[in-house]
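What the coordinates show
Here's the letter readout for the chains.
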There are 2 protein chains.
Amino acid sequence: MKNSEKQYSYEYPRPALTVDCVVFAYDEGELRVLLIKRGEEPFLGAWALPGGFVHMDEDLDTAAARELEEETGVKKVFLEQLYTFGAVDRDPRGRVVTVAYYALVKLTNYKLHASTDASDAAWFSVHDLPSLAFDHQYIFDVAFKRLQAKITYEPIGFELLPNKFTLTQLQRLYETILEREIDKRNFRKRLLAMDIVEELDEVEQDVAHRAARLYRFDRSSYKRYLKEGFEFNL
Amino acid sequence: MKNSEKQYSYEYPRPALTVDCVVFAYDEGELRVLLIKRGEEPFLGAWALPGGFVHMDEDLDTAAARELEEETGVKKVFLEQLYTFGAVDRDPRGRVVTVAYYALVKLTNYKLHASTDASDAAWFSVHDLPSLAFDHQYIFDVAFKRLQAKITYEPIGFELLPNKFTLTQLQRLYETILEREIDKRNFRKRLLAMDIVEELDEVEQDVAHRAARLYRFDRSSYKRYLKEGFEFNL
DNA sequence: CTTACTTAGTGTATGATATACACTAAGTAA
DNA sequence: TTACTTAGTGTATATCATACACTAAGTAAG
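Our subject in this report is the structure included herewith. Computed from a predicted structure; not experimentally measured. (Residues numbered from 1 in each chain as written. Chains lettered and ligands numbered in written order. Predicted model: local features only at pLDDT ≥ 70, side-chain atom pairs only at ≥ 80, totals over all residues. Heavy atoms only, no water.)

The subject of this paragraph is the overall build of chain A. The helix and strand tally for chain A stands at seven helices and 10 strands. The C-alpha extent of chain A, read off along each of the three principal axes, is 65 × 40 × 30 Å. Counting only residues that meet the buried cut, chain A has 53% of its 234 residues in that class. Counted over contacts in chain A with a minimum sequence separation of 6, partners at least 24 positions apart contribute 64%. When the accessible surface of chain A is split by element, carbon and sulfur atoms take 47% of a total near 11,600 Å². Averaging the locations of the 32 positively and 40 negatively charged side chains of chain A gives two centres separated by 5 Å. (Helix = DSSP H or I, 4+ residues; strand = E, 2+ residues; numbered from the N terminus. Buried < 20%, exposed > 50% of the residue type's maximum accessible area, 1.4 Å probe, protein only. Contact = heavy atoms within 4.5 Å. Areas by Shrake-Rupley, 256 points an atom, 1.4 Å probe, with all protein chains shown as cover. Lys, Arg positive; Asp, Glu negative; His and termini not counted. Charge placed at Lys NZ, Arg CZ, Asp CG, Glu CD.)

Between chain A and chain B, the contact holds 44 residues from the first and 43 residues from the second. For the pair chain A and chain B, the summed buried area comes to about 4,100 Å², and 54% of that belongs to carbon and sulfur atoms. Counting across the chain A and chain B interface gives zero salt bridges. Joining chain A to chain B, the criterion identifies 10 residue pairs in polar contact (both at pLDDT 80 or more). Within the residue set of the side of chain A that touches chain B, elements represented by two or more residues are α1 (2-8), β1 (16-27), β4 (51-53), α2 (60-72), β5 (78-85) and β6 (96-105) of chain A. The dominant element in the side of chain A that touches chain B, judged by the number of residues it contributes, is α2(A), at six residues. Here the side of chain A that touches chain B is built from residues that sort into 17 nonpolar, nine polar and 18 charged. (Buried area = accessible area lost by both parts, 1.4 Å probe. Salt bridge = Lys/Arg side-chain N within 4 Å of Asp/Glu carboxyl O. Polar contact = N/O pair within 3.5 Å; in protein donor to acceptor, adjacent residues only side chain to side chain. Nonpolar A, V, L, I, M, F, W, Y, C, P; charged D, E, K, R; others polar.)

Turning next to the protein's contact with DNA strand C. Taken together, 18 residues form the shell around DNA strand C, and within it Lys189(A), Lys184(B), Arg188(B), Lys189(B) and Arg213(B) come nearest. Restricting the count to atoms of DNA strand C within 4 Å of the protein gives a sugar and phosphate share of 40%. Between a base nitrogen of DNA strand C and a side-chain N or O atom of Asp183(A), the distance comes to 3.3 Å. Asn186(A) places a polar side-chain atom, nitrogen or oxygen, 3.0 Å from a base nitrogen of DNA strand C. Contributions of two or more residues to the surface near DNA strand C are made by α6 (184-194) of chain A together with α6 (184-194) of chain B. Looking at the surface near DNA strand C residue by residue, the classes come out as three nonpolar, four polar and 11 charged. (Near = heavy atom within 4 Å.)

Okay, the protein's contact with DNA strand D next. The environment of DNA strand D is formed by 18 residues, the closest being Lys184(A), Arg188(A), Lys189(A), Arg213(A) and Lys189(B). A share of 40% of the atoms of DNA strand D within 4 Å of the protein falls on sugar and phosphate groups. A distance of 3.0 Å separates a base nitrogen of DNA strand D from a polar side-chain atom of Asn186(B). A distance of 3.5 Å separates a phosphate oxygen of DNA strand D from a polar atom in the side chain of Arg190(B). Sorting the residues of the surface near DNA strand D by element identifies α6 of chain A together with α6 of chain B as the ones contributing at least two each. Class assignment for the residues of the surface near DNA strand D results in three nonpolar, four polar and 11 charged.

Here we take up helix α4 (residues 136-153) of chain A. Residue and element names in this part refer to chain A. Here α4 contains 18 residues, and its C-alpha end-to-end distance of 26 Å stays within 8% of the 26 Å for a straight helix at 1.5 Å per residue. Buried within α4 we find His136, Ile139, Phe140, Ala143, Phe144, Leu147, Gln148, Lys150 and Ile151. Of the surrounding secondary structure, the elements contacted by the buried residues of α4 are β1, β2 (30-37), β3 (47-48), β5, β6 and α5 (167-178). (Expected span 1.5 Å × (residues − 1).)

With that out of the way, let us pick up the packing of aromatic side chains. The full count for this structure, using the stated rule, is 25 aromatic pairs over all chains. Both rings, one in Phe217(A) and one in Tyr222(A), keep their centres 6.0 Å apart while their planes meet at 50°; by these two values the pair is tilted. Tyr222(A) gets classed as buried once you look at its relative accessible area, which sits at 11%. On the numbers, 5.7 Å between centres and 85° between planes, the contact of Phe85(B) with Tyr138(B) is edge-to-face. Of this pair, Phe85(B) sits in strand β5 (residues 78-85) while Tyr138(B) sits in helix α4 (residues 136-153), and the two are 53 residues apart along the sequence. Given the relative accessible area of 5%, Phe85(B) is considered buried. For Tyr138(B), a relative accessible area of 51% puts it in the exposed group. Of the aromatic side chains, those joined through ring pairs into one cluster are Phe158(A), Phe165(A), Phe217(A), Tyr222(A) and Phe232(A). (Phe/Tyr/Trp six-rings, centres within 6.5 Å; stacked < 30°, edge-to-face > 60°.)

The next point concerns the relation of the copies chain A and chain B. Its rotation angle being 180°, the transformation that places chain A on chain B also includes 0.0 Å of axial translation and leaves an RMSD of 0.0 Å. Interpreted geometrically, this transformation is the action of a two-fold axis. Both copies contact each other with a shared surface, as 98% of the interface residues of chain A are interface residues in chain B too. (Least-squares fit on C-alpha atoms with pLDDT ≥ 70 in both.)

Right, let's get into the pattern of salt bridges. All names here are of chain A. Inspection of the entire model under this criterion finds 30 salt bridges over all chains. Between Lys150 and Glu154 there is a salt bridge, with the nearest N and O atoms lying 3.9 Å from each other. The exposure class assigned to Glu154 is partly exposed, which follows from its relative accessible area of 27%. Across the salt bridge formed by Arg216 and Glu198, the nearest N and O atoms sit 3.5 Å from each other. On the criterion of sequence distance, the pair formed by Arg216 in strand β10 (residues 213-217) and Glu198 in strand β9 (residues 197-203) is long-range, its members being 18 residues apart. Connected through shared salt-bridge partners, Glu58, Arg66, Glu67 and Glu70 make up one network.

Moving on, we come to the sheet that holds strand β8 (residues 164-165) of chain A. Residues and elements named next belong to chain A. One open sheet accounts for three strands, arranged β8-β10-β9; its pairing is antiparallel. This sheet does not close on itself; its edge strands, each paired only once, are β8 and β9. Here β8 runs beside β10; their pairing, made up of two bridges, is antiparallel. Pairing of Lys164 across the sheet is with Arg216, part of β10. (Pairing = 2+ DSSP bridges.)

Written as structure tokens, this is what we have:
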């Protein structure tokens, strides 16, 4: 039964397979998500996660990266598989299974791009999302929870900041994502104890007060840190 | 481009979509996985994860549960989505994307079943796996790492034990999965501090030494524990 | 019935880590 | 020169993790 089924299943009807991306960016104390406005039915005019069909000759990761670039101009960013959503009725047009990804982008690199290249793309605060097409609100919820969990045990927060950042910026990022305040001295103590950020001989520019020192995430130090059996934890 | 593509993509060729299950069980100090012997090409005679095609009218979770029951007789068990594997060349017959799940079963309930109902199914020690079909070894590796990680922060270990168990059995389970020894007193201290297991008025039977007290995982206490803001941690 | 054997069951002291908390330093702007 | 804003720093205390060893209870064999 099971084996014969397997043999002939290639002629069975197949669900359509898509990828969708929850793209996060951090902008001055706010966490944002990139959405595109739908140009057709169903959900014409509604906002949706960028995404599209998986081609026969590309991996899932490749498909997600391609769709993201085609629809929003965003490329070469942190992109990780989130979960696969396959409820039978999630798309009114028929059976569509979607492999969802989440991406973290440095907004400085894409602020212009998203608004020029794709006039139907826009950044929304995660606390002020419009009504979303399909089950995209649910996908977003899963992505946001994953981000909150993962930022505490993997150094992915750096993906949302410029290469050079101040410790206060990093702390604000954590406070924004985790939605709670963090003690300044304890935060810095824990971060510096890991020895995975490099202190630069530079300070921030154009601020109307004492300028803060800039730091850079040091990926090779992080790998060494992991090898020694420690784990990232903030 | 992107939108028009979406509109017409339903006529594009579609990857086949399957589910595969990594089924774990714990048997007297050994962690085991349930495999089935393939009855056709490719990989005829090789061992593989149980799985099969997703039907058009069933959710992914449903498909995984159905395939598991059809191929191995295992049903109503802990079953959770693991990851979706979609490398272009992972199946020599063509493009097949698989949504992998992992399951945790109480072996006592299925020991007979798997060997009678499906003569091509067998339990293997995770440390002595045969060569697996397709990319199933890789899928297994991902599943095992997930299990190791998740057992420390979610109370899923209980899914692998009988409803009534001794604290030593639970400790051995953790030692087996995490592949390291754990201090007896500290383990019990941490576990009991969470107040999520119920001490029963029963002891184990038919042992040639002092009988250990039996306990039961108390799911409602666990939920209360979570609501109070604590987190499972062993 | 006594002894040997096996596993159950328990507490404490020490070190490590997390937390709570407040002032001085440096720069800009008026 | 003064007011304002943010940067940058240390310590004391509480909490938690770890290391560690003996007595209790039952079975089995002589």
